[in-house]
Amino acid sequence: MFYQDLKHFKSTSGYEIDGIWYPRVTSIISIKAKPALYKFYADQVNFAAGEKVKTLSAEEGTLLHETVEAILGGKDIVIPENIKPAVKAFTDFKNQNEVIPHQMETRIISKNHWYAGTIDVLAELNGRLGVLDIKTSYAIYRDYGIQTAAYVEALQESGTPPLVRWILRIDQAKQCLRCPAKLREKGGNIKIRGGKQDCQHVWGPTMGEIELRELEGFNDDMKAFLACKHLWEWEHKYWLDKIKL
Ligand SMILES: [Zn+2]
């Protein structure tokens, strides 16, 4: 990424908290290559079209995050039509499990390791306290372990007892009525996965999907996060040297 000046670098890569600038967890982990992204861009008409899909898809993800967090917070809200199936999957999950939110969209800081971030939800889920990270992706990727380890480390640094890490993946898709294929629409991009190649798909209604996974291997994930941070600092040495002056 190109930065116009120090102000631009600081605003896009971190937070200023109590007069101290900290790099953001999501900026740090973006240093890790994501080979699946090459395939995504290769499937697009051109790079600009791919960027548009990514932006729209991120906006849809943000909308689902905000809606789910409003529901968790007990707010009475109008659910946007385009995410209704996914939200229904979430409310079903909420009714079948005991979820007590303690904090939402909370800023976390690690002074020991010099980074900051924002957690989705700190919650008690069926009697255990942990970080619940909401994802609107097609699958649960190992990279999420790196991000959530950084959050848990920062919370524990400030005295929170050991925390569980959960990924709650919420999505929606149409299922073929003739084969196991699924159709997803994200940011205007239609993707069909699985099923039979020669099937003349007949799509059923859009259905919500929900998947909860508890992440194991905190120490290993934290090591991977610190390795990302080391590389990220190396990559951005030019700007970081100006900040540390
Ligand atoms: Zn089919």
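The structure displayed is predicted, hence computed values, not measured ones. (Residues numbered from 1 in each chain as written. Predicted model: local features only at pLDDT ≥ 70, side-chain atom pairs only at ≥ 80, totals over all residues.)

Undergrad: Whenever I open this one, the pairing of strand β7 (residues 182-186) confuses me. Can you help?
TA: Within a regular strand, side chains alternate between the sheet's two faces. Where strand β6 (residues 164-176) and β7 come together, two bridges link them in antiparallel fashion. Note that in β7 the partner of Q175 across the bridge is K182. Relative to strand β8 (residues 189-193), β7 runs antiparallel, the two sharing five bridges. The partner of K182 across the bridge, within β8, is R193. The antiparallel hairpin formed by β7 and β8 contains two residues in its connecting segment, where G187 sits at a positive phi of about 60 degrees. (Pairing = 2+ DSSP bridges. Helix = DSSP H or I, 4+ residues; strand = E, 2+ residues; numbered from the N terminus.)

Undergrad: I keep staring at the pairing of strand β5 (residues 128-135) and nothing clicks. Help me out?
TA: Bridging between strand β4 (residues 115-125) and β5 involves five bridges; their strand directions are antiparallel. Its bridge partner lying in β5, L125 is registered against R128. Hairpin connection of β4 to β5: two residues between the antiparallel strands, including N126 at a positive phi of 50 degrees. Relative to β6, β5 runs parallel, the two being bridged by six bridges. Paired with D133 across the two strands is I167, which belongs to β6.

Undergrad: Could you clarify how one ought to interpret unusual backbone geometry in this entry?
TA: Trans peptide bonds make up most of the peptide bonds, and negative phi angles are found at most residues other than glycine. The phi dihedral of E105 falls on the positive side, at around 50 degrees, and the residue is not glycine. Looking at where E105 falls in the secondary structure, it is placed in strand β3 (residues 99-110). With 12 C-beta atoms packed within 10 Å, E105 lands in the exposed category. (Buried ≥ 20, exposed ≤ 12 C-beta atoms within 10 Å, placed from the backbone.)

Undergrad: How do you make sense of the confidence of the model for the protein when you look at a structure like this?
TA: Detailed reading of the predicted coordinates is not advisable wherever pLDDT is low. Chain-level statistics for the protein give a pLDDT mean of 94 and a share of 100% at 70 or above. Of all the helices and strands in the protein, helix α3 (residues 35-42) carries the lowest mean pLDDT, 86, while helix α7 (residues 218-235) carries the highest, 98. (pLDDT = per-residue confidence, 0-100.)

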